[in-house]
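# A structural walkthrough
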Amino acid sequence: MQRALTGVQPSGQIHLGNYLGAIQPALNLQKQHDTFYFIADYHALTSVQDPTLLRQSGIEIAATFLALGLDVEGSATLFKQSSVPEVCELAWILACCTSAGTLDKGHAVKAARDGGREINAGTVFYPVLMSADILLYGSNIVPVGRDQQQHVEIARDLATRVNHRFGEGTLVVPTVQVQKEVGLVSGTDGRKMSKSYGNTLPLWLPAKKLRKQVMRIVTDSRTVEEPKDPDTCNVMKLYKLFGSTEQIADLRGQYIAGGMGYGVAKQALYEAIDERLEAPRARYEELISLPVRVEEVLQAGAERARQAAKVTMTRVREATGLG
Ligand code: ADP
Ligand code: TRP
């Protein structure tokens, strides 16, 4: 069975973009694959340097996976990245096979630069550590959002380079799987939904607060009577991801006909999101109120991940002359 692996950074509240672009597609793989999911806390340390926040956010992500149906009794393994410190050793070995220029062009560096944040060396090193995550567990498939594709390409290049230099079969060359249908989920202001833009709809907001946030989605100033453009409207962009085919067609019709205010469209969007999230939200709230169960799952996952890591590191140490 092929191994699929993906990681999520514990760096704040999970939003609908993370859910649709990363978590749901990752969960969809668990039926046909041996799946590894991890909480990328080493990565998060590049931007989150508050221990309470880092810890809490990690638990929240683990509870999110479980609430959305992660099958830890079956083929799925859930763990914290930092529970397997060998990943840092592999990252070092990979760094020695990476040209420094590649890292300076990295997506994470660019994002930090654009956001005016200080660029620490961890941020520059980010794609190497991410490559180590992928290669340490012999992953075959890496499902990610489009913005992470570049990082997985770097992991592919590095695996190929290591194999070329130290022997074929030293590392498994992974394949990236970009969630095509969803692409980028837009936020309340129409830009890509992102923590850094403050335009998110958090996944686990209580129903009332969720409705409030949906009502804040930016629309143009057309009056109720005027026909509206379903192809550019921020409400419709999200509705397409949550409504059924008939519901979407129906709302589109109302946009084009006119006589419908944006408030009506927003209410429809709120209801569609709430319908999808109501049951998992209840499971999430239960898990978060009793995190012992979540901790147990993470412990068991770490054990399995360490076993897999050991196998790769024995081979890599041998091949490189470190063993
Ligand atoms: P943020 O931009 O809010 O900081 P992250 O960079 O932590 O989000 O993204 C975590 C995962 O969620 C990544 O795999 C990313 O591709 C996916 N993701 C984030 N935002 C979106 C979005 N707006 N649409 C689709 N996928 C997204
Ligand atoms: N960089 C990813 C993100 O921000 C998280 C991540 C870390 C990851 N290591 C990974 C994703 C390995 C896939 C595979 O979303």
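What counts, and at which threshold
Residues numbered from 1 in each chain as written. Chains lettered and ligands numbered in written order. Predicted model: local features only at pLDDT ≥ 70, side-chain atom pairs only at ≥ 80, totals over all residues. Heavy atoms only, no water. Helix = DSSP H or I, 4+ residues; strand = E, 2+ residues; numbered from the N terminus. Rg over C-alpha atoms; globule rule 2.2 N^0.38 Å. Buried < 20%, exposed > 50% of the residue type's maximum accessible area, 1.4 Å probe, protein only. Contact = heavy atoms within 4.5 Å. Areas by Shrake-Rupley, 256 points an atom, 1.4 Å probe, with all protein chains shown as cover. Lys, Arg positive; Asp, Glu negative; His and termini not counted. Charge placed at Lys NZ, Arg CZ, Asp CG, Glu CD. Near = heavy atom within 4 Å. Polar contact = N/O pair within 3.5 Å; in protein donor to acceptor, adjacent residues only side chain to side chain. Nonpolar A, V, L, I, M, F, W, Y, C, P; charged D, E, K, R; others polar. Salt bridge = Lys/Arg side-chain N within 4 Å of Asp/Glu carboxyl O. Domains from an automatic or database assignment. Buried area = accessible area lost by both parts, 1.4 Å probe. Pairing = 2+ DSSP bridges. Right-handed = clockwise from strand over helix to strand, strands pointing away. Expected span 1.5 Å × (residues − 1). Patch = residues over 30% accessible without salt bridge, like charges linked within 9 Å, V, L, I, M, F, W, Y side chains within 5 Å.

## Digging into the overall build of the protein
For the protein, the helix and strand inventory stands at 13 helices and five strands. Over its C-alpha atoms the protein spans a radius of gyration of 21 Å, differing by no more than 12% from the 20 Å that the globule rule assigns to 323 residues. On the principal axes, the C-alpha backbone points of the protein span a range of 75 × 45 × 40 Å. When each of the 323 residues of the protein is scored for burial, the buried share is 50%. Expressed as a percentage of contacts within the protein between residues at least 6 apart in sequence, the contacts between residues at least 24 apart total 77%. Of the accessible surface of the protein, which amounts to about 15200 Å², a share of 52% is contributed by carbon and sulfur atoms. Between the centroid of the 36 positive side chains of the protein and the centroid of its 35 negative side chains there is a distance of 3 Å.

## Some remarks on the site of ligand 1
Taken together, 15 residues surround ligand 1, and among them His 15, Asp 147, Val 185, Ser 194 and Lys 195 come closest. At 3.2 Å, a backbone N or O of Gly 17 approaches a nitrogen atom of ligand 1. The backbone of Val 185 places a nitrogen or oxygen atom 2.7 Å from a nitrogen atom of ligand 1. If ligand 1 stood free it would expose 540 Å²; the protein chains cover 90% of that surface. Partitioning the shell around ligand 1 into residue classes produces four nonpolar, eight polar and three charged.

## Comments concerning the site of ligand 2
Around ligand 2 there are 14 residues in total, and Gln 9, Tyr 126, Met 130, Asp 133 and Gln 148 lie nearest to it. Separating a nitrogen atom of ligand 2 from a side-chain N or O atom of Tyr 126 is a distance of 2.6 Å. The protein chains hide 89% of the 370 Å² of surface that ligand 2 would expose on its own. Every element with two or more residues in the shell around ligand 2 is listed here: β1 (3-8), α7 (121-136) and β4 (141-144). Residue classes in the shell around ligand 2 are distributed as eight nonpolar, five polar and one charged.

## A closer look at the pattern of salt bridges
This model, assessed by the stated rule, comprises 11 salt bridges. For Asp 220, the salt bridge is made with Arg 222, and the minimal N-O distance between the two is 3.1 Å. Owing to a relative accessible area of 35%, Asp 220 belongs among the partly exposed residues under this scheme.

## Topic: the domain arrangement of the protein
As assigned here, the protein comprises domain 1 (3-184 + 291-320) and domain 2 (195-284). Here the C-alpha centre of domain 2 lies 32 Å away from the C-alpha centre of domain 1. With 14 residues of domain 1 at the contact, the number on the domain 2 side is 14 residues. Area buried by domain 1 at its contact with domain 2 is led by His 15, Leu 16 and Ala 67, which between them contribute 39% of it. Inspection of the region where domain 1 meets domain 2 yields four residue pairs in polar contact (both at pLDDT 80 or more). Every element with two or more residues in the side of domain 1 that touches domain 2 is listed here: α1 (16-28) and α3 (51-67). Looking at the side of domain 1 that touches domain 2 residue by residue, the classes come out as seven nonpolar, six polar and one charged.

## Re the pairing of strand β2 (residues 34-39)
Counting buried positions over the six residues of β2 gives six, a clear majority of the element. In β2, alternate side chains face the same way, and those of Asp 34, Phe 36 and Phe 38 on one face and Thr 35, Tyr 37 and Ile 39 on the other are all buried. Pairing of β1 with β2 involves six bridges; the strand directions are parallel. Within the sheet, the bridge partner assigned to Gly 7 lies in β2 and is Phe 38. A crossover links β1 with its parallel partner β2, the connecting element being α1, and its sense is right-handed. With five bridges joining them, β2 and strand β3 (residues 76-80) adopt parallel strand pairing. Considered in β3, the bridge of Phe 36 is made with Thr 77.

## Let's talk about helix α10 (residues 234-242)
Taken residue by residue, α10 has Asn 234, Val 235, Met 236, Leu 238, Tyr 239 and Phe 242 as its buried positions. Among the structural elements, α1, α11 (245-257) and α12 (262-289) are those in contact with the buried residues of α10.

## Description of helix α13 (residues 292-320)
In this model, α13 (29 residues) spans 41 Å end to end at C-alpha, consistent with the 42 Å of a helix rising 1.5 Å per residue. Of the residues making up α13, those classed as buried are Val 294, Val 297, Leu 298, Gly 301, Ala 302, Ala 305, Ala 308, Ala 309, Thr 312, Met 313 and Val 316. Directly after α13, the chain includes Gly 321, whose backbone phi takes a positive value near 90°.

## Digging into a positive patch on the surface
On the surface, Lys 208, Lys 209, Lys 212 and Arg 216 cluster together into a patch of positive charge. Structurally, the position occupied by Arg 216 is in the loop between α9 (207-215) and α10. Among the residues examined, Arg 216 registers a relative accessible area of 53% and is labelled exposed.

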